[in-house]
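In case you want the letters, here they are:
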Amino acid sequence: MKEIEYKNFVKKDQKVLFIAPGIFLALGGMFEYVKMWFNETKKYSTDAKFLLKTNLNFPQKQNITSKILTSDSTIKQIVITSILNLLFPPKISGKYFYKDYNKEVEKVDIVHVLSASLNNYALFKWLLKTYPRKKIIYTLHDPKPHTEKISFLAKILRDNGNNGIFKLAEKNKNFIIHLHSSKLIKDLPKKVKRVIIHPHPLPETRAKRKRKNNSIIRLGFMGRIEHYKGLSLFFEALTQLPKKLHSNIEVFIIGRGSIVNNWSDLPFKTVVKNELVTDEEFHQNIANLDCLVLPYINASQTGVGYMGAAYKVPMILSNIGGLPDVYRLCKTGKSILIKPNNKESLKQGIEKFINSNN
């Protein structure tokens, strides 16, 4: 598979339109990622703009086109579009996208889609059919889908869409998939012959460390809570720590999702905020960690890990997917790679970190 640099596909004089289907909230990791690309593209294009459903507090409003997007109005609308794509050619299903994107796409040379959505396959088919000379980039965050629980219909639509997207990447020279790490190439089918490798951009830091008591080591898990992220594994490893370490640590769990363990049973201070926190709270919490723990069972990449790298927070993270790239970004020399889905390896990593900082 041929690896292509972003700068060799996107030229300075080319106009780029960024779209992010499926973003319904002004908070959360995906929205933060879109904002990161706002600054990242300045290195490669002198004329880059975003088209979003609403103007979600971007730093430079003149580069944002905000409009109602019919094809991206609700989850139900996206599912309907996906089903129509299975039944009808792009000329028919593309009517959902014409009103949303046509005028903006006409003005640019490149369309870069930054987020995953069930209707992306239909969108790409329509773009390639309507604008065969336009370049299209698709940032594929997870080439191998996670195993989290989704509905049977959503799984069929997702898998069908991904397979269709891979075929488009095989047949169309103007359509290319973007990955954050070359380690993820193995998760793509062999029929995909070209790929852009460009790392996840680091976010801007917004908070300063406020903690003054450095005798207690604060371990933290942050981000959306899904089974594949190994939060239960983290809990089990903590229960196995020797008693002599209990007085040296506290644990923070920050993020929304299903929590199955009773964290109040742990014999040391534990703070759980099972909610969607603001951007400011997220930055403040990560800036005040001594160690970010990311015990992912399986993963392609981690936006939270890149934020930890921006704040130079040491990490304990699984040696899986693109996470070793985050490990190499850690500047402190205290980060630890562990075996994925291995409670003993995680426990040993935590012990090693605590002992090395006492």
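Note that the structure is a prediction, hence the values are computed from the model and not measured.

A. Layout of the pairing of strand β10 (residues 249-254). β10 sits mainly inside the fold: 6 of its 6 residues count as buried. In β10, alternate side chains face the same way, and those of Ile-249, Val-251 and Ile-253 on one face and Glu-250, Phe-252 and Ile-254 on the other are all buried. When strand β9 (residues 217-222) meets β10, the two strands line up parallel, connected through 6 bridges. Opposite Leu-219, over in β10, you have Val-251 as the bridge partner. As for the winding sense of the linkage, the β-α-β connection from β9 through helix α8 (residues 231-239) to β10 is right-handed. Direction of pairing for β10 relative to strand β11 (residues 270-273): parallel, over a ladder of 4 bridges. Residue Ile-253 lies in a different strand from β11, and its bridge partner there is Val-272.

B. Molecular detail of helix α6 (residues 120-130). Counting buried residues in α6 gives 9 out of 11 residues, a clear majority hidden from the surface. Among the residues of α6, Asn-120, Tyr-121, Ala-122, Leu-123, Phe-124, Lys-125, Trp-126, Leu-127 and Leu-128 are the ones counted as buried.

C. Here's a closer look at the nonpolar core. The biggest cluster of nonpolar side chains holds 34 residues, and the ones touching the most others in it are Tyr-101, Phe-124, Leu-127, Phe-175 and Leu-179. Broken down by secondary-structure element, the contributors of at least two residues to this core are β2 (15-19), α5 (95-106), β5 (110-113), α6, β6 (135-139), α7 (152-171), β7 (175-179) and β8 (194-197). Considering every element that reaches this core, the biggest residue donor is α6, with 7 residues. For Leu-179, the contacting residues outside a window of four places in its chain are Leu-140, Pro-143, Leu-184, Ile-185, Leu-188, Val-195, Ile-196, Ile-197 and His-198. Leu-238, Trp-263, Ile-338 and Leu-346 belong to the second-largest nonpolar core, a separate cluster that totals 27 residues.

D. A look at the sheet that holds strand β14 (residues 336-338). If you walk across this open sheet you meet the 6 strands as β11-β10-β9-β12-β13-β14, and the pairing is parallel. Only two strands of the sheet have a single neighbouring strand rather than two, namely β11 and β14. Strand-to-strand, the axes of this sheet are offset by a mean angle of 20°, without reference to chain direction. Where helix α12 (residues 343-356) meets the sheet, it contacts β9, β10, β12 (291-294), β13 (315-318) and β14, and its direction lies at approximately 165° from that of β14.

E. Representation of the confidence of the model for the protein chain within the structure. Summary statistics for the protein chain give a mean pLDDT of 87 and a share of 93% for residues scoring 70 or more. Element-level pLDDT for the protein chain is lowest in helix α4 (residues 90-93), with a mean of 68, against a maximum mean of 97 in α8.

F. Just a nonpolar patch on the surface, in detail. Taken together, Ile-83, Leu-87, Phe-88, Ile-92 and Leu-153 make up a surface patch of nonpolar side chains, about 440 Å² in accessible area. By secondary structure assignment, the location of Ile-83 is in helix α3 (residues 75-87). Owing to a relative accessible area of 32%, Ile-83 belongs among the partly exposed residues under this scheme.

G. Structural context of the pattern of salt bridges. For the coordinates displayed, the defined rule picks out 17 salt bridges. Notably, a salt bridge pairs Glu-104 with Lys-107, separated by 3.9 Å at the nearest N-O pair. The salt bridge involving Arg-218 is made with Glu-250; its shortest N-O contact spans 2.8 Å. Taken together, the positions of Arg-218 in strand β9 and Glu-250 in strand β10 put the pair 32 residues apart, joining distant regions of the chain. When sorted by exposure, Arg-218 lands in the same class as Glu-250, which is buried.

H. Broad picture of the sheet that holds β7. Taken in spatial order, the 8 strands line up as β1-β8-β7-β6-β5-β2-β3-β4 in an open sheet, and their pairing is parallel. The strands lining the two open edges of the sheet, one partner per strand, are β1 (2-4) and β4 (64-66). Ignoring which end each strand starts from, the neighbouring axes of this sheet average 30° apart. Here β2 pairs with β5 via 4 bridges, running parallel. Looking at the pairing, Val-16 lines up with Ile-110 of β5. Against the sheet, α6 touches β2, β5, β6 and β7, its axis set at about 165° to β6.

Cut-offs applied
- Residues numbered from 1 in each chain as written.
- Predicted model: local features only at pLDDT ≥ 70, side-chain atom pairs only at ≥ 80, totals over all residues.
- Heavy atoms only, no water.
- Buried < 20%, exposed > 50% of the residue type's maximum accessible area, 1.4 Å probe, protein only.
- Helix = DSSP H or I, 4+ residues; strand = E, 2+ residues; numbered from the N terminus.
- Pairing = 2+ DSSP bridges.
- Right-handed = clockwise from strand over helix to strand, strands pointing away.
- Core = buried A, V, L, I, M, F, W, Y, C linked by side-chain atoms within 4.5 Å.
- Contact = heavy atoms within 4.5 Å.
- Axes fitted to C-alpha atoms, helices over the stretch in contact; angles between N-to-C directions.
- pLDDT = per-residue confidence, 0-100.
- Patch = residues over 30% accessible without salt bridge, like charges linked within 9 Å, V, L, I, M, F, W, Y side chains within 5 Å.
- Areas by Shrake-Rupley, 256 points an atom, 1.4 Å probe, with all protein chains shown as cover.
- Salt bridge = Lys/Arg side-chain N within 4 Å of Asp/Glu carboxyl O.

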